[in-house]
Amino acid sequence: MTENTPQQDEHVVMSAWTRARHSSVGVAMVVALTLFTDMLVYGVVIPCLPIIVIERLKGDSSMVGFLFGCYAFGLLIATPIFAILSDRYQNRRYPMIGGMFGLVVSTVSFAYADTYALLVIARVAQGVAGGASWTIGLGLLADVFPTNRLGVVMGTVMTAHTVGFALGPAIGGILFEYGGFAAPFLFCAGFAAVNFLAIVWLAEPDHNRNHHSPETGKPLDEEDESTPLLKDKKQTRLTMIDLLKNYRILSCVLCVIVSASVFAGIEPALPLYLQKTYQASTSTIGVIFVAMVIPAFFAPLIGHLSDKIGREMICATGMILMAVASPLVAIEFSSIYWIIPPLMLFGLSSPVTLTPVLPEMGETVNEMGGAAYAQVYALYNMAYSIGMFIGPVAAGMIMSASGFGTLMLTFSATLFICSPIMMNWVGVYRWCRSHF
């Protein structure tokens, strides 16, 4: 038995290191860490920002709402820019590195910002960094995983996003209360710095290594003479305007805007309400917020049910469920912890409403005969960003003018009015014609 020389050992170690940098598992882990970090930073500020603006900067609830909405503004602007740059120059790492560096800088800026203007700039910068995380991160997964495995991989990686958003408010509240004003932001900046090093470590993937035929599931370079050259189904060139002319897609877009507005609108309003009504500390507010996020883990089950029962019905049910839960959250209970059940019901309504939307939009594009999946998913992201901006801004204005109860009643009425948009009224009409 011969022993390896030091040079051979070094070669083996370097080979393993290089393989890890280029591996698909390494890509998935780094993307999962990036999405976790992005939502951790997003969630950490929820219990902190309202108190910072109201008590430290002597602002009002409308300023709080606008500050929360600035994240969506940055996200909406950055998403198409990062997508275009990444596709044009065929490079994922550099935009992702730039985005994570921006997240580190913007989060540190929160810790030392002493004016409202600086907070706004830092919040927009966080949204821009989030655009890099989502756009480039999911593109990296598509680069290294075959299409027949991409759904499972994305579903697994997205779990990190949910975990980050679930932990963020609790961590932010506890660190803010016991560590001081800067503690939650410095903690997140340190975590983002580790994420930055992980992205730097990752190697740029081969963008052509997993181009698979959508008809056969085989890599394109493995198709032989037995693979049909002529496809039965011709694809039609579609634009975003063409997609929006389709009622099913337009109804999905409107559903996302309304639902995202309500779900994002409660984020700046609930901490102020809990502090004023129950004299809740930031740590208690953070823990209470976790109750609203936990139901998001039921998304895979909801997706399965929507495929079986019908996506339009599940979406409309989710909007009605959110409409029912909204005023229940505003009831003044004898103990703050009684608010947890209606908050969990409110949190459950979000995945019930939104989980079926993406497959519904994808199926509609397929039926239209067009290769416009990227465009239709971009419509989803843009609609969600618009809702994330409208909701907090409107919530801040309503809170300043009236109060939390009026806000939740307004949300409830809006949801009830808009819930019919997800129904397939043509199908309902045909069913009535055939049965009556």
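Description of the structure in this document.

1. Observations concerning the overall build of the protein chain
Helix and strand counts for the protein chain stand at 18 helices and zero strands. Considering the protein chain as a whole, with its 436 residues, one finds that 50% of them fall into the buried category. Counted over contacts in the protein chain with a minimum sequence separation of 6, partners at least 24 positions apart contribute 83%. Only carbon and sulfur atoms are counted for the fraction: they give 68% of the accessible area of the protein chain, which is about 20700 Å².

2. Remarks on helix H15 (residues 357-368)
Along its 12 residues, H15 runs 17 Å from first to last C-alpha, staying within 8% of the 16 Å computed at 1.5 Å per residue. Of all the residues in H15, the buried ones are Val357, Glu360, Met361, Gly362, Thr364 and Val365. At the exit of H15 stands Gly369, carrying a positive phi of roughly 75°.

3. Some words on the packing of helix H10 (residues 247-278) against H15
Where H10 meets H15, the closest approach of the two axes is 9 Å, and the angle between their N-to-C directions is 160°. Of the possible angle classes, the one that applies to H10 and H15 is roughly antiparallel. Crossing of H10 over H15 shows left-handed handedness. Of the residues in H15, those touching H10 at Arg248, Ile249, Cys252, Val253 and Val256 are Val357, Glu360, Met361, Glu363, Thr364, Val365, Glu367 and Met368. By residue class, the composition of the contact of H10 with H15 is eight nonpolar, one polar and four charged.

4. Examining the pattern of salt bridges
Using the criterion set out here, one finds three salt bridges in the structure. Between Arg248 and Glu360 there is a salt bridge; the shortest N-O distance is 2.8 Å. Highlighted residues: Arg248 in helix H10 and Glu360 in helix H15, separated in sequence by 112 residues. Judged by relative accessible area, which is 22%, Arg248 ranks as partly exposed. Taking the relative accessible area as the measure of exposure, Glu360 reaches 4% and is therefore buried.

5. Observations concerning the nonpolar core
Ranked by internal contacts, the top residues of the largest apolar core, which has 65 residues, are Ile266, Leu270, Leu274, Val329, Phe346, Phe404 and Met408. Broken down by element, this core gets its largest block of residues, 12 residues, from H10. Those residues within four positions of Ile266 in sequence are excluded, and the remaining contacts are Pro271, Phe289, Met292, Val329, Leu343, Phe346, Phe404, Met408 and Phe411. Among the nonpolar cores identified, the runner-up in size contains 32 residues, and Leu35, Val104, Ile136 and Ile199 belong to it.

What counts and what doesn't
- Residues numbered from 1 in each chain as written.
- Predicted model: local features only at pLDDT ≥ 70, side-chain atom pairs only at ≥ 80, totals over all residues.
- Heavy atoms only, no water.
- Helix = DSSP H or I, 4+ residues; strand = E, 2+ residues; numbered from the N terminus.
- Buried < 20%, exposed > 50% of the residue type's maximum accessible area, 1.4 Å probe, protein only.
- Contact = heavy atoms within 4.5 Å.
- Areas by Shrake-Rupley, 256 points an atom, 1.4 Å probe, with all protein chains shown as cover.
- Expected span 1.5 Å × (residues − 1).
- Axes fitted to C-alpha atoms, helices over the stretch in contact; angles between N-to-C directions.
- Parallel < 35°, antiparallel > 145°, perpendicular 65-115°, else oblique.
- Left-handed = near helix turned anticlockwise from the far one by under 90°.
- Nonpolar A, V, L, I, M, F, W, Y, C, P; charged D, E, K, R; others polar.
- Salt bridge = Lys/Arg side-chain N within 4 Å of Asp/Glu carboxyl O.
- Core = buried A, V, L, I, M, F, W, Y, C linked by side-chain atoms within 4.5 Å.

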